[in-house]
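Each chain is listed here by its residues.
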Amino acid sequence: MTSSLRDVVFVAGHQGMVGSAIVRHLKAKGYSNIIHAEKQDLDLTSQASVNSFFSSRKIDQVYLAAAKVGGIHANNEYPADFIYNNLLIEANVIHAAHSNDVQSLLFLGSSCIYPKQAPQPMSEDALLTGQLEPTNEPYAIAKIAGIKLCESYNRQYGRDYRSVMPTNLYGPHDNFHQSNSHVIPALLRRFHEAITTGEEEVVIWGSGSPRREFLHVDDMASASVYVMELEHQAYQANTLPMQSHINVGTGVDCSIKELAEIVAKVSGFAGKLVFDRSKPDGAPRKLLDVSRLKNLGWQASINLEAGLAEAYSWYVENLPTARCS
């Protein structure tokens, strides 16, 4: 697309981990017309509310980073909430963008869109080739629908709506809930609490054997803006009309056990690690093939240990206001 620093940019989900990182990155690049709305002022699950918001503003670009998210436990416990809320958010925002002649939109999905047994690393063409991981299938279905919404408006109306599929994200402004959060914030909180209370061991869910890829949210923000600013010809040359999404990750994974050991190191915990095998592991491995984005000229730059150290410091410094619910 042809973007300008003068564009009016709407970031949906600006208070979340990814949305806030995108806002920071846009500001650092010189964008000055960034708009957003508080939850009490804009209910993204309400079609009327979203339509009213778009019709009252002249928006040039949309970053759709708003979503209901959570870890294995939350996805298992609240499947209806995850599919219903995410379908409403993306349908309302994407349709309102089209109805109000917004030509440029970036939809943020998730690597859970790929089948549980997809060949590793998972390339974009693995989408819809097999059964999904049962623990997060409703969320994954919603994210797949978001991709197809973007592609459908592109095909029918000539829009330039793009999709990026990040691997597991972490960083400032994450949700540190004890049971409903993703693995990294859950571990950061657990290790910090063990240190402050003098516990001699930390319990980690699952066997520790599943392998995961982790991307710092500042890298994700950088990639999102990079993809949004790509010339239309370059984007089209590296995607297909009905396979238009782009993976975003590091291309490197580690086991949950290795991750826990790094978190122990950066937090200063010297006790024992105990793995609770009664808890679900999820997919055995999730590693993205990031060659498509690398060919387009972008790759991650933040090392996992350095990124975890920064995330832990942020959590400790912001503990009174960090999201823990």
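Read on for an overview of the structure.

Side note on the overall build of the chain
Thinking step 1. Along the backbone of the chain there are 11 helices and 12 strands.
Thinking step 2. Scaling as 2.2 N^0.38, a compact globule of 325 residues should have a C-alpha radius of gyration of about 20 Å, and the chain matches this with 19 Å.
Thinking step 3. Principal axes of the C-alpha set define a box for the chain whose edges measure 60 × 40 × 35 Å.
Thinking step 4. Relative to its 325 residues, the chain shows a buried fraction of 51%.
Thinking step 5. Here the contacts in the chain between residues at least 6 apart in sequence split such that 82% fall between residues at least 24 apart.
Thinking step 6. Accessible surface, the chain as shown: approximately 14200 Å² in total, 49% of it carbon and sulfur.
Thinking step 7. If the 28 positive side-chain charges of the chain are averaged to one point and the 34 negative ones to another, these points end up 2 Å apart.

Let's talk about the pattern of salt bridges
Thinking step 1. Counting across every chain of the model gives 13 salt bridges.
Thinking step 2. Among the charged side chains, a network of salt bridges with common partners joins Arg211, Asp253, Glu258 and Arg285.

Structural notes on the sheet that holds strand S3 (residues 61-64)
Thinking step 1. A sheet is described by the order of its strands in space; here six strands give the open sequence S2-S1-S3-S4-S5-S9, paired in parallel fashion. Bordering the open sheet on either side are strand S2 (34-35) and strand S9 (246-248), each of which pairs with just one other strand.
Thinking step 2. Two strands pair when backbone bridges link them, and strand S1 (residues 9-12) and S2 are joined in this way by two bridges, in the parallel orientation. Residue Phe10 lies in a different strand from S2, and its bridge partner there is Ile35.
Thinking step 3. Most of the contacts of helix H5 (residues 137-157) go to strand S5 (residues 160-166), to which it runs at about 155 degrees, and overall it touches strand S4 (104-108) and S5.
Thinking step 4. Where helix H7 (residues 217-229) meets the sheet, it contacts S3, S4, S5 and S9, and its direction lies at approximately 145 degrees from that of S4.

About the criteria used
- Residues numbered from 1 in each chain as written.
- Predicted model: local features only at pLDDT ≥ 70, side-chain atom pairs only at ≥ 80, totals over all residues.
- Heavy atoms only, no water.
- Helix = DSSP H or I, 4+ residues; strand = E, 2+ residues; numbered from the N terminus.
- Rg over C-alpha atoms; globule rule 2.2 N^0.38 Å.
- Buried < 20%, exposed > 50% of the residue type's maximum accessible area, 1.4 Å probe, protein only.
- Contact = heavy atoms within 4.5 Å.
- Areas by Shrake-Rupley, 256 points an atom, 1.4 Å probe, with all protein chains shown as cover.
- Lys, Arg positive; Asp, Glu negative; His and termini not counted.
- Charge placed at Lys NZ, Arg CZ, Asp CG, Glu CD.
- Salt bridge = Lys/Arg side-chain N within 4 Å of Asp/Glu carboxyl O.
- Pairing = 2+ DSSP bridges.
- Axes fitted to C-alpha atoms, helices over the stretch in contact; angles between N-to-C directions.

Interpretation note: all reported values are geometric properties and have no functional meaning in isolation.
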